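# An overview of the molecular structure
Listed below, chain by chain, are the residues.
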Amino acid sequence: MDTFTNLSYTQTKKKIISHHIFPNDSGKKTIRTEQKNYKRKVFDLRTYKNFNLDENGFCVDTYTYGGGDLFDDRFVKKKYFPLMAKYLKNKLKAKKVIIFDFNQRSFNTHMNSKNNHRIPVLYSHVDYTIDSGLKRTKEILRNNKITFNQKHRYSLINIWRPVKKVIVDYPLALCDGKTVLMNDLVQTNIYHYGMENLKKPRHSGKIYSLINNRNHKWYFLSKMRPNEIFLIKNWDSKHREYENHVLNAPHSAIALPGKIKSKTRQSIEIRTLVIRD
């Protein structure tokens, strides 16, 4: 069912901003540029269908992985990665799919001290900029001893799914890439810190934060089940070469309206590089 809820947008007139992300149990608060909530209608993908990666930046699919604990890092890397790489390669008729990172998310603060475990992000963003997407792609290829080929199409695509339970609150919302202008995207230098050193970042990168635009159209999937997945495009090397193709789809966790705030949401996203001819 469609609903109205708050979407968190960045408030800035700067062209470049910075965020500093600290572990949940570090006692230090995450530092972000000022955010503001705007009430938006969010459309339910149970009703609205026919979205695709090229023209919208996301799509919904179903894929059952056969069981196993997706909060077990060993299982994720040894079993889940190969299954999803094969699935995505067939789905997109790709030359190759490389899975290079993953995040598990929940509100369990005990788990959030793990390297790959974080809380859901209630903040509109894209995982890469035009420049950082290209840089990350070349790093992944180099690490896999593959030569970058200008003729190939490279895409950075997340596969996102619920873990164990149906998501009844704090689902992921996706913004239709067709409704986003480049001027809505602000380069954000992001610094992630680990418990071993709260003064020097463990790693850093560049993402896009989203500025409010009334034309943005947001979607979610009500009561999303563990056998349902989102494919989310964060970067595409050839998006300008095809008519109606978008660069990415901004996304954010959202709090659904109502009194129940169970915070039982559990999810996993794996980050992939898709190589096509």
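Reference entry: report on the structure contained in this document. (Residues numbered from 1 in each chain as written. Predicted model: local features only at pLDDT ≥ 70, side-chain atom pairs only at ≥ 80, totals over all residues. Heavy atoms only, no water.)

## Quick look at the sheet that holds strand S6 (residues 117-118)
Reading across from one edge, S4-S13-S8-S15-S5-S6 is the order of the six strands in this open sheet, with mixed pairing throughout. The open sheet is flanked by strand S4 (58-62) and S6, the only strands paired with a single partner. Pairing analysis gives six bridges linking strand S8 (residues 153-162) to strand S13 (residues 228-236), with the strands arranged antiparallel. If you follow Leu156 over to S13, its bridge partner there is Trp235. Contacts from helix H1 (residues 73-92) reach S4, strand S5 (96-106), S8, S13 and strand S15 (266-276), with the element oriented near 130° to S5. In the packing of helix H2 (residues 130-143) onto the sheet, contacts are made with S5, S8, S13 and S15, and the angle to S8 comes to roughly 90°. (Pairing = 2+ DSSP bridges. Helix = DSSP H or I, 4+ residues; strand = E, 2+ residues; numbered from the N terminus. Contact = heavy atoms within 4.5 Å. Axes fitted to C-alpha atoms, helices over the stretch in contact; angles between N-to-C directions.)

## Observations concerning the pairing of S8
In regular strands, side chains alternate between the two faces of the sheet. By the criterion of burial, S8 is predominantly enclosed, with ten of the ten residues buried. Examined bridge by bridge, S8 and S15 share ten bridges and lie antiparallel to one another. Counted as the bridge partner of Ser155 is Val274 from S15. (Buried < 20%, exposed > 50% of the residue type's maximum accessible area, 1.4 Å probe, protein only.)

## So, the environment of Gly68
Take Gly68: it is sitting in the loop between S4 and H1. A sequence separation of twelve residues divides Gly68 from Tyr80, and the C-alpha atoms of the two residues are 8.5 Å apart.

## Observations concerning the pattern of salt bridges
Across all of its chains, the model carries 13 salt bridges by this definition. Glu228 is the partner of Arg46 in a salt bridge, and the nearest nitrogen-oxygen pair spans 2.7 Å. A residue pair is termed long-range when its members are at least 10 positions apart, and Arg46 in the loop between strand S3 (35-44) and S4 and Glu228 in strand S13 qualify at 182 residues. With a relative accessible area of 28%, Arg46 lands in the partly exposed category. Accessibility expressed as a relative area gives 4% for Glu228, which makes it buried. Glu269 is paired through a salt bridge with Arg105; the nearest N and O atoms lie 3.0 Å apart. (Salt bridge = Lys/Arg side-chain N within 4 Å of Asp/Glu carboxyl O.)

## A closer look at the side chain of Asn213
Among the secondary structure elements, Asn213 is positioned in the loop between strand S11 (203-210) and strand S12 (218-220). Assessed through its relative accessible area of 14%, Asn213 is described here as buried. A distance of 3.2 Å separates the side chain of Asn213 from the side chain of Asp184, its partner in a polar contact. (Polar contact = N/O pair within 3.5 Å; in protein donor to acceptor, adjacent residues only side chain to side chain.)

## Some remarks on H2
Taking 1.5 Å per residue as the helical rise, H2 with its 14 residues ought to reach 20 Å, and the 20 Å between its terminal C-alpha atoms agrees with that figure. For H2, the complete set of buried residues consists of Ser132, Gly133, Thr137, Ile140 and Leu141. Buried positions along H2 lie against S5, S8, S11, S13 and S15. Within two residues after H2, Lys145 carries a phi angle of roughly 55°, on the positive side. (Expected span 1.5 Å × (residues − 1).)

## Here's the deal with the environment of Asn108
By secondary structure assignment, the location of Asn108 is in the loop between S5 and S6. Asn108 sits in the partly exposed class, given a relative accessible area of 36%. Expressed as a C-alpha distance, the spacing of Asn108 and Arg265, which sit 157 residues apart in the sequence, is 9.5 Å.

## Topic: the pairing of S3
Where strand S1 (residues 3-10) and S3 come together, eight bridges link them in antiparallel fashion. Across the sheet, Ser8 pairs through a bridge with Asn37, a residue of S3. Examined bridge by bridge, S3 and S12 share three bridges and lie parallel to one another. Across the sheet, residue Phe43 finds its bridge partner in S12, namely Tyr219.

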